[in-house]
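Notes for the structure review
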Amino acid sequence: MVYQIKVKGKLDKSWSDWLYDARIISEFEEGRNVITTLTVVVIDQSALFGILDRIRDLNLILIHVIRVGERSI
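Below is a summary of the structure that appears in this document. (Residues numbered from 1 in each chain as written. Predicted model: local features only at pLDDT ≥ 70, side-chain atom pairs only at ≥ 80, totals over all residues. Heavy atoms only, no water.)

Here we look at the nonpolar core
- Of all hydrophobic cores here, the largest spans 15 residues; its most connected members are I5, L38, V40, V42, I51 and I55.
- Elements supplying a minimum of two residues to this core: β1 (2–8), β3 (33–41) and α1 (45–57).
- Sorting elements by how many residues they give to this core places α1 first, with four residues.
- Those residues in contact with I51 that lie beyond four places of it in its chain are I5, L19, Y20, V40 and V42. (Core = buried A, V, L, I, M, F, W, Y, C linked by side-chain atoms within 4.5 Å. Buried < 20%, exposed > 50% of the residue type's maximum accessible area, 1.4 Å probe, protein only. Helix = DSSP H or I, 4+ residues; strand = E, 2+ residues; numbered from the N terminus. Contact = heavy atoms within 4.5 Å.)

Okay, structure coming up:
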C-alpha cells in the first residue's frame, strides 16, 4: 500500500532511508510554513505505525496520513 504522510516543518531527503525509503518533498504552503510530504510504500499496518513512531521521535507535527494507492511508487 502507498501512503502519503504530511508533516509540518522541513525534513531533509537524507532521512529517506530511516523512513522506509520514503520519497520526501518539502514545500512552502499557506503563510510561509514549510510542509513535508512523505510518500512511502508499506507492506502492512505495523510498518505504517513504525513510520509514524519515527515521525513522533523526530518531534514533527503530523498533518495527515492518507492511503493513495496499492502499487509501488
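Picking up where we left off.
Some thoughts on the sheet that holds strand β4 (residues 61–69)
- Ordered in space as β2-β3-β1-β4, the four strands form an open sheet in which the pairing is antiparallel. Pairing within the sheet leaves two strands with one partner each, and these edge strands are β2 (23–29) and β4. Neighbour-to-neighbour, the strand axes of this sheet turn through a mean angle of 20 degrees, independent of strand direction.
- Two elements, β1 and β4, share seven bridges in a ladder whose sense is antiparallel. Bridged to I5 within β4 is V65. (Pairing = 2+ DSSP bridges. Axes fitted to C-alpha atoms, helices over the stretch in contact; angles between N-to-C directions.)

A look at the pattern of salt bridges
- As enumerated under the stated definition, the model contains three salt bridges in all.
- Note that D57 and R56 form a salt bridge whose closest N and O atoms lie 3.0 Å from each other.
- Classification of D57 by relative accessible area gives partly exposed; the value is 47%.
- When its relative accessible area of 51% is taken as the criterion, R56 is described as exposed.
- Measuring nitrogen to oxygen at the nearest pair gives 2.6 Å for the salt bridge that ties E70 to R67.
- E70 gets classed as exposed once you look at its relative accessible area, which sits at 52%.
- One salt-bridge network, held together by shared partners, links D53, R56 and D57. (Salt bridge = Lys/Arg side-chain N within 4 Å of Asp/Glu carboxyl O.)

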